[in-house]
Amino acid sequence: MALRFYLPDYRVATHLGAMITVVGWSELAREDQDLLVAARAASQKAFAPYSHFKVGAAVRCGDGRIVDGANYESASYGLTVCAERVAIFRANMEGEHRNISAVAIYASGKTLKADDIPVSPCGACRQILAEVAARNDCPDMRVMSANARFDRFLIATVSDLLPQAFV
Ligand SMILES: [Zn+2]
């Protein structure tokens, strides 16, 4: 079943029974706003000469620190690493891998429908996020993402995005 978003008329999408909410800026908590702003800033560091799809991600660590990442593309396209995984790998190197409580994602570029629709993590990143959540014993680890205009924000949990995960 495809994940479908109906914007702007409908604010809630369902996927296999999960609730994935799309909200506006004023509906976000301050710390969620901060994480999304960090993700947007990180997207400016993306290395995306092939797709021009610049993605930034930011994770909130257990001590409140924010660690960011951006996508890094390769001429051998399959070697490209997504922003979410870069941020998680960086958090691991800083000793915070097991304490991540939330992740935010921002994307802009020529591809997809990123202007209107909040970007959604790819399958590979969902797997990594699910494993991080499982290690944290936190299946409800929050995943937030923004559209390119930065006026619509998707709020979900890892278990919403990857039910029945292989962990
Ligand atoms: Zn990904």
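Note that the structure is predicted; figures quoted are calculated from it, not measured. (Residues numbered from 1 in each chain as written. Predicted model: local features only at pLDDT ≥ 70, side-chain atom pairs only at ≥ 80, totals over all residues.)

**Student:** Whenever I open this one, the nonpolar core confuses me. Can you help?
**Tutor:** Soluble globular proteins tend to pack their nonpolar side chains together in the buried interior. Among the nonpolar cores identified, the biggest contains 43 residues, and A39, V55, A57, A58, A83, A104 and I105 are the most heavily contacted of them. What A39 contacts, discounting residues up to four positions off in sequence, is G56, A57, A58, D68, A104, I105 and Y106. (Core = buried A, V, L, I, M, F, W, Y, C linked by C-beta atoms within 7 Å. Buried ≥ 20, exposed ≤ 12 C-beta atoms within 10 Å, placed from the backbone. Contact = placed C-beta atoms within 7 Å.)

**Student:** Would you explain unusual backbone geometry in this entry?
**Tutor:** For D137, which is not a glycine, the phi torsion comes out positive at approximately 55 degrees. Positive phi outside glycine occurs at F150, with the angle close to 65 degrees. Residue placement: F150 occurs in the loop between strand 6 (142-146) and strand 7 (153-157). (Helix = DSSP H or I, 4+ residues; strand = E, 2+ residues; numbered from the N terminus.)

**Student:** Could you clarify how one ought to interpret the pairing of strand 5 (residues 102-109) in this entry?
**Tutor:** Each regular strand displays side chains that alternate between the two surfaces of the sheet. Burial analysis of strand 5 places six of its eight residues in the buried class, the great majority of the element. Here strand 3 (residues 53-60) runs beside strand 5; their pairing, made up of eight bridges, is antiparallel. Paired with G56 across the strands is Y106, a residue of strand 5. Pairing between strand 5 and strand 6: five bridges, direction parallel. In the strand pairing of strand 6, I105 is matched with S145. (Pairing = 2+ DSSP bridges.)

**Student:** For this particular structure, what's the right way to read the environment of I100?
**Tutor:** Note on placement: I100 falls in the loop between helix 2 (83-93) and strand 5. Among the residues examined, I100 registers 24 C-beta atoms within 10 Å and is labelled buried. In the structure, I100 is positioned 36 residues away from N136 in sequence and 7.5 Å away in space, judged by C-alpha atoms. Beyond its immediate sequence surroundings of up to four residues, I100 is in contact with V59, R60, C61, I88, A91, V132, N136 and M141.

**Student:** Is there a simple way to think about the environment of I88 in this case?
**Tutor:** When you line up the elements, I88 lands in helix 2. Exposure remark for I88: the 24 C-beta atoms within 10 Å place this residue in the buried category. As a C-alpha pair, I88 and A58 span 30 residues in sequence and 8.4 Å in three-dimensional space.

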